[in-house]
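Listed below, chain by chain, are the residues.
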Amino acid sequence: MRSTGFRRTFAAIGVCSLALTAAACGSGDDSASGKTRITVNCEPPKSAKVDRKFFDSDVAAFEKKNTDIDVVTHDAFPCQDPKTFDAKLAGGQMEDVFYTYFTDAKHVVDINQAADLTPYIKELKSYDTLQKQLRDIYTVDGKIYGIPRTGYSMGLIYNRKLFQQAGLDPDKAPTTWAEVRADAKKIAALGNGTIGYADYSAQNQGGWHFTAEMYSQGGDVVSADGKKATIDTPQGHAVLQNLHDMRWTDNSMGSKQLLVINDVQQLMGSGKLGMYLSAPDNIPILVKEKGGNYDDLALGPMPGGQGTLIGGDGYMFNKHDTPAQIRAGLKWLDSMFLTPGSGFLGDYARAKKANAPVGLPEPRLFTGAADAKDQQVKKANSNVPVANYQAFLDGNQSLQMKIEPPDAQQIYSVLDSAVSAVLTKKDANIDQLLKDASGKIDGILARG
């Protein structure tokens, strides 16, 4: 699944309508004017006025500097719609340079809809500065098929004020699940409807968090070859047992369950929730939409110390693109997203002037000198309490970063049932729940 939004205020956008012709979306032809014409998606919608203005301004600046390239942008909601994504690819309707989630990369290659960028990659000046583990997501069988743009990793958001009221150290995030449980119990003991810890358990979001919690304990949801479920394990049992015990033994998770992300965000924003698992991009939502305060919100690493779930996005290229279009698209990505301290996602000074949050602990896209510059410019323009997120940044250094499993949404739907059962039924049989879910997941993987 994706996290709640992109960096700053940017929330999902752009696909080209299936009603458009192939020439309007992914033409595969150069413009008759002598310019190289590329269509791109994920332009912010008009409703996101600030981001739309920034995006269009950056495109115009790129075209002014590169007079031989014509960039045609498409906006719609969302950037990538799973319901129409494959149909657009198969029907030749996809843009020349198109947005993907990390989990799409191998699938697009498997169905032979991606251009091989390997012969052109030396022309992407920033490529070697990008994190290798992110580059590898778009590398299949030694060939490069896409370019990462942003990423997120899961951590633990907590309310510093409630920690203080419960006698806990607000500068010390819990780093084990035993510590989460103990802290949640103390926070819930404050009374007045205060909840120590909350988790999702509906709309596939429970399965998403189950997966993150499995990773945190060193487990996996599917085998390395993607053929068998691996949830009926000590790690899988520990995930469900911990949720069951916090819910029923400690009464630290509240009585209302079957929660989804908006429910939990409302609780945290209102000051009634101590902790929940989330990516950093939840923080500005909690402040701007749910009534929270930046000073009260902190972020620790994923408890467990073994791993964390990562997600993110990037761009791939239509298999019908000409060499000139591939070169133009790579140059556009470099300018828009991959130059530290500038472009749509990196112009932190511009973002600060627009009152967008700068300084949230996003996973680092760059390495070496490029990373140093990016961090320097970000720090100089930060307008959020960055010290509240240092534990997350420090803890992430030792965690294994793992992407979502294949057939993620179908698997999450199965796991939702197991998570919701232990949170709504005191006598839930964890062994049987894991056995049943494992069989269903095996079936999904066999069909895939």
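The structure under discussion appears in the preceding block.
Below: a short report on this structure. (Residues numbered from 1 in each chain as written. Predicted model: local features only at pLDDT ≥ 70, side-chain atom pairs only at ≥ 80, totals over all residues. Heavy atoms only, no water.)

## Focus on the overall build of the protein chain
Helices and strands together make up the secondary structure of the protein chain, namely 17 helices and 12 strands. The C-alpha radius of gyration of the protein chain comes to 22 Å, within 12% of the 22 Å expected for a compact globule of 448 residues. If you line up the protein chain on its principal axes, its C-alpha atoms span 70 × 50 × 40 Å. In the protein chain, buried positions account for 57% of the 448 residues. Within the protein chain, contacts between residues at least 6 apart in sequence are counted, and of these 77% link residues at least 24 apart. Surface summary for the protein chain: the accessible area is close to 18,400 Å², and the carbon and sulfur share equals 50%. Here the protein chain holds 49 positive side-chain charges and 52 negative ones, and the gap between their average locations is 4 Å. (Helix = DSSP H or I, 4+ residues; strand = E, 2+ residues; numbered from the N terminus. Rg over C-alpha atoms; globule rule 2.2 N^0.38 Å. Buried < 20%, exposed > 50% of the residue type's maximum accessible area, 1.4 Å probe, protein only. Contact = heavy atoms within 4.5 Å. Areas by Shrake-Rupley, 256 points an atom, 1.4 Å probe, with all protein chains shown as cover. Lys, Arg positive; Asp, Glu negative; His and termini not counted. Charge placed at Lys NZ, Arg CZ, Asp CG, Glu CD.)

## Re the packing of aromatic side chains
Counted under the stated rule, the structure contains 13 aromatic pairs. With a centroid separation of 6.1 Å and 80° between ring planes, the pair formed by F102 and Y138 is classed as edge-to-face. Taken as a pair, F102 in the loop between β3 (97-101) and α3 (105-110) and Y138 in the loop between α4 (132-135) and β4 (139-140) lie far apart in primary sequence, 36 residues in all. Residue classification places F102 among the buried residues on the basis of a relative accessible area of 3%. A relative accessible area of 0% means that Y138 is categorised as buried. Taking the centre distance of 6.2 Å and the plane angle of 90° together, the rings of W177 and Y197 count as edge-to-face. Linking W177 in helix α6 (residues 177-188) with Y197 in strand β8 (residues 195-197), this pair joins segments that are 20 residues apart in sequence. Neither W177 nor Y197 differs from the other in exposure class; each is buried. A network of ring pairs unites the aromatic residues F55, Y99, Y101, Y315, W332, F337 and F344 as a single cluster. The aromatic ring of F337 is capped on one face by R149, whose charged end is 4.9 Å from the ring centroid. Lying over the aromatic face of W248, R247 brings its terminal NZ or CZ to 3.9 Å of the ring centre. (Phe/Tyr/Trp six-rings, centres within 6.5 Å; stacked < 30°, edge-to-face > 60°. Lys NZ or Arg CZ within 6 Å of the ring centre and 35° of its normal.)

## Quick word on helix α11 (residues 323-337)
Quick reminder: α-helices carry 3.6 residues per turn. Residues three or four places apart thus point the same way. The first and last C-alpha atoms of α11 sit 21 Å apart over 15 residues, in line with the 21 Å expected at 1.5 Å per residue. Of all the positions in α11, only Q325, I326, A328, G329, L330, W332, L333, D334, M336 and F337 are classed as buried. (Expected span 1.5 Å × (residues − 1).)

## Describing the state of the cysteines
Using the criterion set out here, one finds 1 disulfide in the structure. Covalently, C42 is tied to C79 through a disulfide, its sulfur atoms 1.9 Å apart. For the disulfide bridge between C42 and C79, the dihedral angle about the S-S bond is near 80°, and by the sign convention the bridge is right-handed. A residue pair is termed long-range when its members are at least 10 positions apart, and C42 in the loop between β1 (36-40) and α1 (49-65) and C79 in the loop between β2 (69-73) and α2 (85-90) qualify at 37 residues. The same class applies to C42 and to C79, which are both buried. (Disulfide = S-S within 2.5 Å.)

## Re the sheet that holds strand β9 (residues 273-278)
Strand order in the open sheet formed by 4 strands is β8-β9-β7-β10, with mixed pairing between adjacent strands. A single partner strand is all that each edge strand has here, and the edge strands are β8 and β10 (297-301). Neighbour-to-neighbour, the strand axes of this sheet turn through a mean angle of 25°, independent of strand direction. Where β8 meets β9, 2 bridges bridge the pair, whose relative direction is parallel. Bridging across to β9, I195 finds its partner in L273. Here α6 sits on the sheet and contacts β7 (155-159), β8 and β9; the angle it forms with β8, its principal contact strand, is near 175°. (Pairing = 2+ DSSP bridges. Axes fitted to C-alpha atoms, helices over the stretch in contact; angles between N-to-C directions.)

## Considering the packing of helix α16 (residues 408-424) against helix α17 (residues 430-447)
It is at 9 Å that the axes of α16 and α17 come closest, and there the two elements cross at 170°. Regarding the angle of α16 to α17, the classification is roughly antiparallel. Contacts from Q410, I411, V414, L415, A418, A421 and V422 in α16 reach I430, L433, A437, K440, I441, I444, L445 and R447 in α17. Of the residues assigned to the contact of α16 with α17, the class counts are 12 nonpolar, 1 polar and 2 charged. (Parallel < 35°, antiparallel > 145°, perpendicular 65-115°, else oblique. Nonpolar A, V, L, I, M, F, W, Y, C, P; charged D, E, K, R; others polar.)

## Some details on the packing of α1 against α11
Remark: α1 packs on α11, axes separated minimally by 10 Å, with the N-to-C direction vectors making an angle of 130°. Comparing the axis directions of α1 and α11 gives the class oblique. Handedness of the crossing formed by α1 with α11: right-handed. Taken together, the residues of α11 that come into contact with α1 (itself represented by F55, D58, V59 and F62) are A328, K331, W332, S335, M336 and F337. (Left-handed = near helix turned anticlockwise from the far one by under 90°.)

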